[in-house]
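Structural overview for review
Each chain, written out:
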Amino acid sequence: MTKVVILSAGQGKRLSPLTDDRPKCLIDLSGRSVLHWQLANLASVGVREAVVVTGFNAHLVDEEIAGLDLPGMRVRTLFNPFYSVTDNLATCWMAREELKGEVMLLNGDTLFEPAVAERLLAAPAADITLTIDRKSDYDDDDMKVRTDGDTLRAVGKTLELYDGESIGFTRFSAAGASLFVQNVETAMHGPEGLKRWYLSVMDQIARETGRVRVCSIKGLGWAEMDFPADLPKNLALTERWAARAMTG
C-alpha cells in the first residue's frame, strides 16, 4: 500500500478567521501545517505517493508542498475547481482516476500519529477498511458508525444506534476501490450528488453488500481540525509528536 489520496479542497469556513485566506490543511500546528503532519507521518510508515486534491487558494498548497522535504515520497496535487459548490463526494469523483488499485483515502482535516496508519495498513485484507475510534460519548458532529464485529453496518452523523466514529481514513483493495468509484459515479448522477458526503456512499455499500470492514484505533492519537476550539487540543497533540520526534 504505497498511495494515498488526501481530500483538501475545502476552505474550512467553520474555522474562520483562521481560514479566511488559507485552506484549513495549511493551519500551523507546532511548526508544521496539518498537511505537513499528514504527509510526514504517512511517509514514515512507507507510503510513497500522495495525491492532494486542492480547491480554495490551491496555489498556497502547491507552494507548501514545493517547500517540503519528504525523502522517498512523491506528492502531486489535483485541482477541483468546483470545491465551493460541492461536498466531498464530488471531490472523490474528481479524483476517481487516482482511486485505482490499492489506495488509501484521507480527509484533509484528520491528524493522526504514525501508529494509526500502521494499524490501518496491518489490518486484515478486505475490499474496504474504514478506520474508526470508540469512545465514551459522542457529539452531533461526529461521523458515527454501527458495527457488527469487524463489519461496518452503517455510517452517518444522525444514526440512532452506533458504537464508534469514523476518523476519515480508509483503505481500499483494488476491487474495493473499483466498487467505491462505481458507487460514487452512480451517486453523482442523482439529484443530490453535488451535496453528498462520500461516506454516504460508504454507508450504502456497507448496508447493501457487507463488504466494508472496520479497523479500530482506540487508544491511539488522532484529532480533527474543524472548529477554532479544536486548536488548543490539537496544538497539545502535535507538540507531543514534535517532542517525540526530537528525542526519537
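Parameters and conventions
Residues numbered from 1 in each chain as written. Predicted model: local features only at pLDDT ≥ 70, side-chain atom pairs only at ≥ 80, totals over all residues. Heavy atoms only, no water. Buried < 20%, exposed > 50% of the residue type's maximum accessible area, 1.4 Å probe, protein only. Helix = DSSP H or I, 4+ residues; strand = E, 2+ residues; numbered from the N terminus. Phe/Tyr/Trp six-rings, centres within 6.5 Å; stacked < 30°, edge-to-face > 60°. Core = buried A, V, L, I, M, F, W, Y, C linked by side-chain atoms within 4.5 Å. Contact = heavy atoms within 4.5 Å. 1 Å grid on protein atoms, 1.4 Å probe; cavity = no way out; pocket = protein on both sides within 12 Å on 5 of 7 lines; lining within 4 Å. Points joined across faces, edges and corners; volume = space filled by probe spheres on them. Nonpolar A, V, L, I, M, F, W, Y, C, P; charged D, E, K, R; others polar. Salt bridge = Lys/Arg side-chain N within 4 Å of Asp/Glu carboxyl O.

Describing helix 1 (residues 34–44)
Most of helix 1 is tucked away: 10 of the 11 residues are buried. Count one or two residues on from helix 1 and you reach Gly46, which has phi positive near 100°.

Brief notes about the packing of aromatic side chains
Within this structure, the stated rule accounts for 6 aromatic pairs. Between Trp37 and Trp241, the aromatic rings sit 5.6 Å apart at their centres with planes inclined by 65°, giving edge-to-face as the arrangement. Within this pair, whereas Trp37 is found in helix 1, its partner Trp241 is found in helix 7 (residues 230–247), the two being separated by 204 residues in sequence. Trp241 matches Trp37 in its accessibility class, with the two residues each being buried. With centroids separated by 5.1 Å and ring planes inclined at 35°, the aromatic side chains of Phe112 and Phe169 adopt a geometry described as tilted. Of this pair, Phe112 sits in strand 7 (residues 110–112) while Phe169 sits in strand 11 (residues 164–172), and the two are 57 residues apart along the sequence.

Here's the deal with unusual backbone geometry
Residue Pro17 is bonded to the preceding Ser16 through a cis peptide linkage, with omega at 10°. Secondary-structure assignment places Pro17 in the loop between strand 1 (3–8) and strand 2 (28–29). The phi angle at Ser30 is positive, at roughly 55°, despite the residue not being glycine. With respect to the helices, strands and loops of the structure, Ser30 is situated in the loop between strand 2 and strand 3 (32–33).

Some details on the nonpolar core
Within the largest apolar cluster, 34 residues are counted, with the highest numbers of intra-cluster contacts made by Val5, Leu105, Phe180, Tyr198 and Met202. Looking at which element gives the most residues to this core, the answer is helix 5 (residues 174–188), with 7 residues. Residue contacts for Phe180: discarding those within four places in its chain leaves Cys92, Leu99, Leu105, Phe172, Tyr198, Val201, Met202 and Ile205. Counting residues in hydrophobic clusters, the runner-up holds 31 residues, among them Ala50, Leu106, Ala123 and Cys215.

Quick look at the layout of surface pockets
Empty space within the largest pocket amounts to approximately 1000 Å³. For the largest pocket, the lining is made up of 35 residues, of which Lys24, Asp87, Asn88, Asp109 and Trp197 are closest to its centre. If you list the elements that add at least two residues to the lining of the largest pocket, you get strand 1, helix 3 (88–94), strand 11 and helix 6 (198–209). The element contributing the most residues to the lining of the largest pocket is strand 11, with 3 residues. A per-class count over the lining of the largest pocket returns 13 nonpolar, 12 polar and 10 charged. What the second largest pocket holds in volume is close to 340 Å³.

So, the pattern of salt bridges
All told, the structure shown has 19 salt bridges when counted by the stated rule. Between Glu98 and Arg76 there is a salt bridge, with its nearest N and O atoms 3.0 Å apart. Of this pair, Glu98 sits in the loop between helix 3 and strand 6 (103–107) while Arg76 sits in strand 5 (residues 74–79), placing them 22 residues apart in sequence. Among the ionic pairs, Arg96 bridges to Glu185, the shortest N-O distance being 3.3 Å. Taken as a pair, Arg96 in the loop between helix 3 and strand 6 and Glu185 in helix 5 lie far apart in primary sequence, 89 residues in all. By relative accessible area, which is 27% here, Glu185 ends up partly exposed.

Nothing here speaks to function; it is all geometry.
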